[in-house]
Amino acid sequence: MPRYKLVIEYDGTPFVGWQVQDTGSSVQGALAAAIEAFCGERVDVRGAGRTDAGVHALGQVAHVDLAKSWDVDTVRDAVTAHLRPHPVAVLTAEEVPATFDARFSAIKRHYRYRIVNRRADLAIARSRAWRVSRPLDHAAMHAAAQRLVGLHDFTTFRNIACQAKSPVKTLDQFDVARDSEGVTIVASARSFLHTQVRSMVGALVAVGEGRWSADDLYAALEARDRAACATVAPPEGLYLVKVDY
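Residue positions are given per chain, counting from 1 as you read along its sequence in written order. Under the rules for a predicted model, residues below a pLDDT of 70 receive no local features and side-chain atom pairs below 80 are neither given nor counted, while totals for whole chains, interfaces and linings still include all residues. Computation of side-chain values: all heavy atoms of the structure, hydrogens and water removed.

Trainee: Residues and numbers for the pattern of salt bridges, please.
Mentor: Salt bridges are defined by distance alone: a side-chain nitrogen of Lys or Arg within 4 Å of a carboxyl oxygen of Asp or Glu. This model, assessed by the stated rule, comprises 16 salt bridges. Among the salt bridges present, the one from lysine 108 reaches aspartate 172, with a minimum N-O distance of 3.8 Å. Placement of the pair is lysine 108 in strand S5 (residues 108–117) and aspartate 172 in strand S8 (residues 168–178), with a sequence separation of 64 residues. When a residue's accessible area, from a 1.4 Å probe over protein chains only, is under 20% of the maximum for its type it is buried; when over 50% it is exposed; and in between it is partly exposed. Note on aspartate 172: relative accessible area 38%, which makes it partly exposed. We note a salt bridge from arginine 224 to aspartate 153, for which the minimum N-O separation is 3.5 Å. Linking arginine 224 in the loop between helix H5 (214–223) and strand S10 (238–244) with aspartate 153 in strand S7 (residues 150–153), this pair joins segments that are 71 residues apart in sequence. In DSSP terms, a helix is any run of H or I states spanning at least four residues, a strand is any run of E spanning at least two, and both are numbered starting from the N terminus.

Have a look at this one:
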């Protein structure tokens with residue numbers, strides 16, 4: 001059976017997350033239904049990451065096995081057409097070896113978190129960013145973020161429902177930069193714990209607002225205790241940007 005790699009963009013606002021659940025519509029379920037409508041096959045769509053409700057993707061990756069070979073442009077366009085009116089689009093499709101696995105073949109995942117730093121409420125960026133009204137010291141946030149880079153036990157930043165076998169992960173990049181509207185945070189690693197990025201971003205905002213120091217952040221990490229975590233950042237500011245293979 002030919003295997004296809006799909007790169008997907010979606011607005012996570014109306015979904016319960018990537019994974020199929022009984023509680024509502026999921027991105028994975030919408031893709032499976034669109035593929036069935038396109039070629040008449042019930043398929044299992046495997047994704048590179050299980051994004052939560054409200055989390056967006058600019059470059060989610062999935063694979064699917066189909067019974068026959070199709071032109072990859074046809075796969076891309078037909079699946080996207082059948083996804084309407086869901087805010088999901090297949091950006092590219094390519095045929096890949098049967099050994100390719102969207103989740104287990106990945107060597108790095110890149111996330112971006114968007115903060116709009118202003119007093120006024122969000123209008124255009126509502127459900128696309130986190131509004132933080134207090135001024136943020138992005139330089140202090142970036143310096144503190146470097147304390148989390150490397151191999152650590154990230155229990156403090158792990159959701160209690162996380163199913164990962166170990167809380168030990170290597171964070172390759174955690175950068176903070178300011179632009180004209182706010183702050184953008186970039187996190188890259190081979191894999192992340194459940195809500196790890198949002199938990200770390202919440203802690204960085206505590207630093208940026210002056211409520212925590214870099215030492216406080218590191219102490220929270222070293223506590224290996226979920227109770228030591230700051231408020232978790234909301235999902236609407238988080239984007240899965242790219243997956244490397």
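Moving on from the coordinates now.
Trainee: Break down unusual backbone geometry for me, citing the residues and quoting the values.
Mentor: For the peptide bond that leads from arginine 84 to proline 85, omega is 10 degrees, which places it in the cis range. Phi at threonine 195 takes a positive value of approximately 60 degrees, unusual for a residue other than glycine. Judged by its relative accessible area of 11%, threonine 195 is buried. Here the phi dihedral of arginine 224 falls at roughly 50 degrees; this positive angle occurs in a residue that is not glycine. In this structure arginine 224 comes out as partly exposed when scored by relative accessible area, which is 42%.

Trainee: Requested: an account of the packing of helix H3 (residues 138–145) against helix H4 (residues 196–208), with residues and values cited.
Mentor: Throughout, an axis means a line fitted to C-alpha atoms (over the contacting stretch in the case of helices), and angles, computed between N-to-C directions, take values from 0 to 180 degrees. Interhelical geometry of H3 versus H4 gives an angle of 135 degrees and a closest axis separation of 8 Å. With respect to H4, the element H3 is oriented oblique. Judged by the sense of rotation from one axis to the other, the crossing of H3 with H4 is right-handed. Note on element contacts: H4 touches H3 through Leu204, Val205, Val207 and Gly208, opposite Ala140, Met141, Ala144 and Ala145. Residue type decides the class: Asp, Glu, Lys and Arg count as charged, Ala, Val, Leu, Ile, Met, Phe, Trp, Tyr, Cys and Pro as nonpolar, and the leftover types, Gly among them, as polar. Across the contact of H3 with H4, the residue classes tally to seven nonpolar, one polar and no charged. Here the angle decides the label: under 35 degrees means roughly parallel, over 145 means roughly antiparallel, 65 to 115 means roughly perpendicular, and every other value means oblique. For any helix crossing, the convention is left-handed if the near helix is rotated counterclockwise from the far helix by under a right angle, and right-handed if that rotation is clockwise. Between two residues, a contact is recorded if the distance between any of their heavy atoms is within 4.5 Å.

Trainee: Give me the packing of helix H1 (residues 27–39) against helix H2 (residues 72–83): which residues, what numbers.
Mentor: The contact between H1 and H2 brings their axes to 8 Å, and the two run at 115 degrees. Put simply, H1 runs roughly perpendicular to H2. Pair H1 / H2 crosses with right-handed handedness. Where H1 approaches H2, its residues Ala30, Leu31, Ala34, Ile35, Ala37 and Phe38 are matched on the opposing element by Thr74, Val75, Ala78, Val79, His82 and Leu83. Each residue belonging to the contact of H1 with H2 can be placed in one class, and the counts come to ten nonpolar, two polar and no charged.

Trainee: Which residues make up the packing of aromatic side chains, and what are the values?
Mentor: Planes of paired rings set the category: under 30 degrees apart is stacked, over 60 is edge-to-face and the rest tilted, where pairs are Phe, Tyr or Trp rings (Trp by its six-membered ring) whose centres lie within 6.5 Å. Under the criterion given, the structure shown has six aromatic pairs. A ring pair is formed by phenylalanine 38 and tryptophan 70, whose centres lie 4.6 Å apart and whose planes are at 55 degrees; its orientation type is tilted. Of this pair, phenylalanine 38 sits in helix H1 while tryptophan 70 sits in the loop between strand S3 (56–65) and H2, and the two are 32 residues apart along the sequence. Overall, the relative accessible area of 24% leaves tryptophan 70 in the partly exposed class. Each ring, one from phenylalanine 154 and one from phenylalanine 157, has its centre 6.5 Å from the other, and the planes form 55 degrees; the classification is tilted. The pair formed by phenylalanine 154 and phenylalanine 157 is uniform in burial state, with each residue classed as buried. When the NZ atom of lysine or the CZ atom of arginine is within 6 Å of a ring's centre and also within 35 degrees of its normal, the charge is said to sit over that ring. Its guanidinium or amino end placed over the ring of tyrosine 239, arginine 112 lies 5.9 Å from that ring's centre, counting from NZ or CZ.

Trainee: An account of H2 is needed here, citing residue identities and associated values.
Mentor: End to end, H2 covers 17 Å across twelve residues, agreeing with the expected 16 Å (1.5 Å per residue, within 8%). Residues of H2 that are buried include every one of Val75, Ala78, Val79, Thr80 and Leu83, and no others. Taken together, the buried residues of H2 touch strand S1 (3–10), H1 and strand S4 (88–96). Under this definition, polar contacts are N or O atom pairs within 3.5 Å; protein pairs additionally need one hydrogen-donor-capable and one acceptor-capable atom, and for neighbouring residues in sequence, both atoms have to be side-chain atoms. Put simply, aspartate 71 is the residue that caps the front of H2, since its side-chain oxygen is 3.1 Å from the backbone nitrogen of aspartate 73. What a helix is expected to span follows from its residue count: subtract one and scale by 1.5 Å.

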